[in-house]
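Overview (structure and organization)
Residue-level listing of the chains:
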Amino acid sequence: MFRKITQPLGAVVLVSLLALPVKAEDQPLRFPVEIPGPQPGQLVHTPPTMEDLEASNLHPELKRTIRRGYDLFMNTQQLRGENVFNDMNCKSCHMGEGRLPFAAPVWRAAVVLPNFRPKNQHVNNLEERIAGCFSFSMNGTPPEYGSDNMVALAAYHRWLARGVPIYQLGNYYGRGYPIDEPEEEPSYTRGEALYEENCAICHASDGSGLRVDGQAHFPAVWGDLSYNWGAGIIRRFTLAGFIRNNMPLGQPYSMSVQESWDIAEYINSHERPQDPRYTGDVGETRERYYETFHRHGYYGTEQQGQLLGDHDNVGEKDFLRPWNLRPRTYE
Amino acid sequence: MQSLLMKIMISSFLLVGWSLPAWALDGDAQRGEAAAAVCSACHQADGSGQNIPDGESWPRLAGMNADYLYKQVKDFQAGTRVNASMQPFAQMLTDQQLRDVAVYYSQLPVTPAAGGETASEEDLAWGEKLATRGDWERYIVPCSSCHGPGNQGAGQHFPGIAGQHAGYLAQQLRAWQNGDRDNDPQHLMAAIAERMNERDIQAVSAWLAQQPAN
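Conventions adopted
Residues numbered from 1 in each chain as written. Chains lettered and ligands numbered in written order. Predicted model: local features only at pLDDT ≥ 70, side-chain atom pairs only at ≥ 80, totals over all residues. Helix = DSSP H or I, 4+ residues; strand = E, 2+ residues; numbered from the N terminus. Rg over C-alpha atoms; globule rule 2.2 N^0.38 Å. Contact = placed C-beta atoms within 7 Å. Domains from an automatic or database assignment. Nonpolar A, V, L, I, M, F, W, Y, C, P; charged D, E, K, R; others polar. Core = buried A, V, L, I, M, F, W, Y, C linked by C-beta atoms within 7 Å. Buried ≥ 20, exposed ≤ 12 C-beta atoms within 10 Å, placed from the backbone. pLDDT = per-residue confidence, 0-100. Axes fitted to C-alpha atoms, helices over the stretch in contact; angles between N-to-C directions. Parallel < 35°, antiparallel > 145°, perpendicular 65-115°, else oblique. Expected span 1.5 Å × (residues − 1). Pairing = 2+ DSSP bridges.

When helices and strands are tallied, chain A shows 11 helices and 8 strands. The C-alpha atoms of chain A give 20 Å as radius of gyration, which agrees with the globular expectation for 331 residues (20 Å, within 12%). Each principal axis of the C-alpha distribution contributes one length, and for chain A these read about 50 × 50 × 40 Å. Considering only contacts within chain A whose residues lie at least 6 apart along the sequence, 69% involve residues at least 24 apart.

The structure is reproduced here in structure tokens:
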């Protein structure tokens, strides 16, 4: 389903993906979810579901491939030790099966790529964009371009974009994790207290998350089993926006803008595996990727008396740089 | 100023604390078995509880997380969790007995769950979807996103719900909906429960009851 908003809508309009219930007795909800509505001019898309897939007349082999992609997206840990070397799944950041607005819904990548990407300074297609997540957020190495798993993941993204005109490089409703600037300078100390109160029950006071019978359950938010120093979410605005729009689970927008920035400040002031683009010198690496990336994070800066990222720790994997991190020059 | 006795007590506490794994509740299963006599009228000697259609169901305690069980009875004692049947019994146990009983039940083998036998295939399929995939259109996150792989529990705060009696699960979801139960950390459960309707509750309870608890 796809439509372009031409009329101004209220601030809290719920489009069909977000139509929330009122209790049978019409009592107001104690924990309402008030997802911001679309702005005039925004392109609104409600991605199809897996039930829609089953009901569709797509070729059975295509359905099988998309199902495989969905399964990998929801349980990326099945690639643990092969492509994934931390406790993350695709769904950890792209919540609601990659469909939810303001949880970085993934279908957009299928309709705006190939496009130039500042992070790596060349044109990326959908597979290379997915590969980026494996290299940084999963602290791993991607499935080969064109491999069964990569085709399946790309097919799931493409399926979610069903009906969206391609190459409308416009203003998509629900993109990313938007957040306003904080009123005050974010505070590590306030962030620590807020983290203990609101986050530690799942993500643990030491940031290591929770494993159940040796399997990842609640993701680690710092440390060896978390995203590495090259992941987009080490940027303060990205993590603050993720928190504001999505956390605690089931209670989005319950943390204020300021609180979200404070918690992000605290989490992203902790150590994590090395940036795969590491040159061997943290200062040089910060400098090289400063404008396009590291100026938004604490990598290569001193926090709480410690120079962050000044180490050779790559986490669980036994390599630094996966094969896909390479320039594309056409020369 | 600390007395010598206090210093000794603190040191012993630290020593004991040091020697135990962080998650272990300090309790003794053998002592717990004796103290659990007061529980068995409802929860049964084997900790199986009982599913009572159209009545009040009693949860299975066998194989549940000890810290979770302990916290719940502490909440009954403190009045932060309220249930008329449970109230008098909760007051009968000392703190140590409570720890012992919790450890005892946590170590008993899981017993089968009942309830939801009359649920239709369609309802069971809906229950499975809610339990494993959720209904994000209504911001009902999957049960398993907190309650762990297979909904078999995750740590001390998120109890196993697979293989629990359907009657008990449905009762609790309704209790959260109407505010009778309000002792969940950060209202993580209350926020979800109040978005559910009666069909959701019956479907998910029926499906979960039929799943393996471990």
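We are not done yet, so read on.
Moving on: the domain arrangement of chain A. Residue and element names in this part refer to chain A. Along its sequence, chain A is carved into domain 1 (2-160) and domain 2 (188-307). Each partner contributes residues to the interface: domain 1 has 18 residues there, and domain 2 has 23 residues. Of the residues contributing to the side of domain 1 that touches domain 2, the split by class is 9 nonpolar, 6 polar and 3 charged.

In this section: the nonpolar core. In this structure, Tyr156(A), Ile263(A), Val101(B) and Tyr105(B) are the most contacted members of the largest nonpolar core, which totals 129 residues. With near-sequence residues (within four places) excluded, Ile263(A) lies in contact with Gly191(A), Leu194(A), Tyr195(A), Cys199(A), Ile243(A) and Met255(A).

On to the confidence of the model for chain A. Mean pLDDT over chain A: 93, with 92% of residues reaching 70 or higher. Taken as a whole, residues 7-16 of chain A scores under 50 in pLDDT and shows 22 contacts with residues more than four places along the chain or in a different chain.

Packed helix pairs are specified by the crossing angle of their axes together with the interaxial distance, meaning the distance between the axes. Residues and elements named next belong to chain A. At a closest axis distance of 7 Å, the pairing of helix α2 (residues 60-74) and helix α6 (residues 148-160) adopts a crossing angle of 95°. Taken together, the axis directions place α2 and α6 in an arrangement best described as roughly perpendicular. Here α2 contributes Thr65, Ile66, Arg68, Gly69, Tyr70, Leu72 and Phe73 to the contact with α6, which in turn contributes Asn149, Val151, Ala152, Leu153, Ala155, Tyr156 and Trp159. Classifying every residue of the contact of α2 with α6 gives 10 nonpolar, 3 polar and 1 charged.

Its 13 residues give helix α6 (residues 95-107) of chain B an end-to-end C-alpha distance of 19 Å, which sits within 8% of 18 Å, the value for a rise of 1.5 Å per residue. What α6(B) keeps buried is the set Leu98(B), Arg99(B), Asp100(B), Val101(B), Ala102(B), Val103(B), Tyr104(B), Tyr105(B) and Ser106(B).

What follows covers the pairing of strand β6 (residues 215-218) of chain A. Residues and elements named next belong to chain A. Here 3 bridges tie strand β5 (residues 210-212) to β6, and the two strands are oriented antiparallel to one another. Note on β6: the bridge partner recorded for Val212 is Gln215. Linking β5 back to β6 in an antiparallel pair, the connection comprises 2 residues, with Asp213 at a positive phi of about 50°.

Moving on to the environment of Asp281(A). Positionally, Asp281(A) belongs in the loop between α10 (257-267) and α11 (282-288). Separated by 191 residues in sequence, Asp281(A) and Cys90(A) place their C-alpha atoms 30 Å apart.

This part is about the interface of chain B and chain A. With 22 residues of chain B at the contact, the number on the chain A side is 24 residues. Those elements that place two or more of their residues in the side of chain B that touches chain A are α8 (144-147) and α10 (188-193) of chain B. At 4 residues, the largest contribution of residues to the side of chain B that touches chain A is made by α10(B). Class assignment for the residues of the side of chain B that touches chain A results in 11 nonpolar, 7 polar and 4 charged.

Glancing now at the environment of Leu98(B). Here Leu98(B) is to be found in helix α6. The residues contacting Leu98(B), other than those within four sequence positions of it, are Tyr70(B), Val73(B) and Leu93(B).

Residue and element names in this part refer to chain A. The omega torsion across Leu113 and Pro114 is 5°, close enough to zero to call that bond cis. Relative to the elements of secondary structure, Pro114 occurs in the loop between α4 (107-112) and β3 (115-117). With an omega dihedral of -15°, the bond running from Met247 to Pro248 counts as a cis peptide bond. In this structure, Pro248 sits in the loop between α9 (236-246) and α10. The backbone phi angle of Asp213 is positive, close to 50°, even though this residue is not glycine.

Now for α10(A). Residues and elements named next belong to chain A. Of all 11 residues in α10, 10 are buried; the element is thus mostly enclosed. Along α10, the residues classified as buried are Gln258, Glu259, Ser260, Trp261, Asp262, Ile263, Ala264, Glu265, Tyr266 and Ile267. Those residues of α10 that are buried are in contact with α7 (188-198) and α9.

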